[in-house]
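Given next are the chains, with one letter for each unit.
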Amino acid sequence: MIQTFKRGNQTENGGKNIIGSECYFRTLIELSPDAILVADLEGKIKFRSAGAISIFNVPPGLDVTGTSLLNWVDSSEHKKVMARIRDILVKHDAPDRREYLLRKYDGTIFWGEIVSSRVITARDTPDELLIVCRDITERKRNEEELIKAKDKAEEYDRLKNSFLQNISHEIRTPMNAIVGFASLLIEPGLDYIERKEYSEVIINSSNTLLSLLDEILEVSNIEAGTLKTKSEEICINSVLRSVYNKFSGLAKQKNINLILDTPYPDDEACIPADAILLKQVLYILTDNALKFTDSGFVHLGYSLKGNEAVLFVSDTGIGIPLDFQKKIFDNFFRVEKPETKQFQGLGLGLAIARAYVTALGGDLKLTSFPGLGSKFYFNIPGHGKNGKKHPSHTYGIEAKDFNPGTRKILVAMDINAYNISLWHFLSNYNVDIVYAHEGKDAMEIFRTNNDIDLVLMDTSLPDTNFAETIEEMKKLKSWVPVRIHNSQTDEIEKPVTSGYDDSSLKSSGNEELLKTIRKFLLGVRCAS
């Protein structure tokens, strides 16, 4: 009897211990900030902790038991998760930590760190899956920021080293000229012409050195935050004329057409700005344009839009590759390409120009295509007058004759001399331009952009079936006019005989193009 009583008492105590342990561990699970899930062998959820409700943002009272684990995993991770479950059940893989993209109840994607394991029953076979999940989105974000900061620091260090090597060359070159020609000046028997030539070399080299030092000092001032501005009422026309006069001699030496475009009279072209900084920005942009342009033109001008002035410098130079355009304004950055090795400079000019424009309250931007040229433009706020344009100096066309409002033109053209001039011609008017250099690119742009108002297509575009392309465009958006042009010859090839709304030949001028654009964009057709 005593033994039976003891055995029964032990059983009763053991049961209490089990119940106590279950309550203890359940409390630990519910208090854990991590998501703890138990799933069956089919991946259906059997249990979820309070932490799981919080992490996956499940609405209060919603029962998620019976839902699939994959419902809470981003679709890009499904194969990885299924492979992991298979390895646990079949290969008996040990628990480990892995990172997955997971999905909250509202569809938000986040990073989770998951530890998963099988739960062994008395039969020593896996009966359930135990999953512990932690939200590591903030940690991943910090890691990405650290990687970006590391890459940026390494890039800056590389640019700095390149700058130091470059500045050594840039300083030594004029210094060697100064020392060399100064020593020649003391040689006996020199006539007046020789002394004059040697002196000019010394003066020019000295000016180059002064410019280098000025750039370095300006960058130091910008980095130190000591750049000061003085706002006063200035005439844009006067500033542009000063820039034009400064560079007209160099443009003439290089046989480049330097165009000055002042579309408003002096009394209507006034803005509050720092004249010195504004001139310096235009000096830098014009100097760069002339440096990287071997033929064609450099165009200086502006427009007045609302309460701001937009100034620009465009050229028909070598252009800037797309992957370099975001970095082109960084300190020390230079486009290191074979075609740019011949050009001197420290890579500071555009960084200084952007800092000056920012100090003036504007934003410096660019549009550029390799082989076509570049256009740098920036806004200066503060213009409060609605001036009346006088005849524009550009291309002999009066700007007042063309003002269709903001429309978008798809220009599909190959890179050749005529199309380079066409690109610059269109960029001076109030239209948004999207370019494509291949027929398939033009079709993709046309298909994915619903705001195209006009298509200009060059029949010399390579690898393009124009009849099929135009037919497909008209099927998609019959109301959008298509104007074809042959920039190579004075005839339109026979296969391209229908579907287009207008055409022109090589001999057609910009005046005819303006008439066409005005005709279609001022009365642009809309979808019914």
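Nothing here was measured: the structure is a model prediction, and the numbers come from that model.

Novice: An account of the nonpolar core is needed here, citing residue identities and associated values.
Specialist: I236, L282, L311 and F378 are the most contacted members of the largest nonpolar core, which has 47 residues in total. It is helix α7 (residues 275-291) that provides the largest number of residues to this core, a total of 10 residues. The contact partners of F378, leaving out residues within four places of it in the chain, are L278, V281, L282, L285, A309, V310, L311, V357, D363 and L364. Of all hydrophobic cores here, the second largest spans 24 residues; its members include V73, I88, Y100 and L129.

Novice: Provide a residue-level description of the pairing of strand β15 (residues 454-458), including the pertinent values.
Specialist: Buried residues dominate β15, accounting for 5 of its 5 residues. The alternating pattern of β15 places L454, L456 and D458 on one face and V455 and M457 on the opposite face, and all of these are buried. With 4 bridges connecting them, strand β13 (residues 407-412) and β15 associate as parallel partners. Paired with I409 across the two strands is L454, which belongs to β15.

Novice: Before we move on, can you summarise the packing of α7 against helix α8 (residues 349-359) with the specific residues and values?
Specialist: The geometry of α7 relative to α8 is characterised by a closest axis approach of 9 Å and an angle of 150 degrees between their N-to-C directions. In terms of their interaxial angle, α7 and α8 are classed as roughly antiparallel. The way α7 lies across α8 gives a crossing that is left-handed. Residues L277, Q280, V281, I284, L285 and N288 of α7 touch α8, and the partners they reach there are G349, L350, I352, A353, Y356, V357 and A359. Grouping the amino acids of the contact of α7 with α8 by side-chain chemistry returns 10 nonpolar, 3 polar and no charged.

Novice: Describe the side chain of S116, listing the residues and the values that go with them.
Specialist: Note on placement: S116 falls in strand β4 (residues 109-120). The exposure class of S116 is buried, given its relative accessible area of 10%. Leaving out residues up to four positions away in the same chain, S116 has contacts with R84, I88, P95, D96, L130 and I131.

Conventions adopted
Residues numbered from 1 in each chain as written. Predicted model: local features only at pLDDT ≥ 70, side-chain atom pairs only at ≥ 80, totals over all residues. Heavy atoms only, no water. Core = buried A, V, L, I, M, F, W, Y, C linked by side-chain atoms within 4.5 Å. Buried < 20%, exposed > 50% of the residue type's maximum accessible area, 1.4 Å probe, protein only. Helix = DSSP H or I, 4+ residues; strand = E, 2+ residues; numbered from the N terminus. Contact = heavy atoms within 4.5 Å. Pairing = 2+ DSSP bridges. Axes fitted to C-alpha atoms, helices over the stretch in contact; angles between N-to-C directions. Parallel < 35°, antiparallel > 145°, perpendicular 65-115°, else oblique. Left-handed = near helix turned anticlockwise from the far one by under 90°. Nonpolar A, V, L, I, M, F, W, Y, C, P; charged D, E, K, R; others polar.

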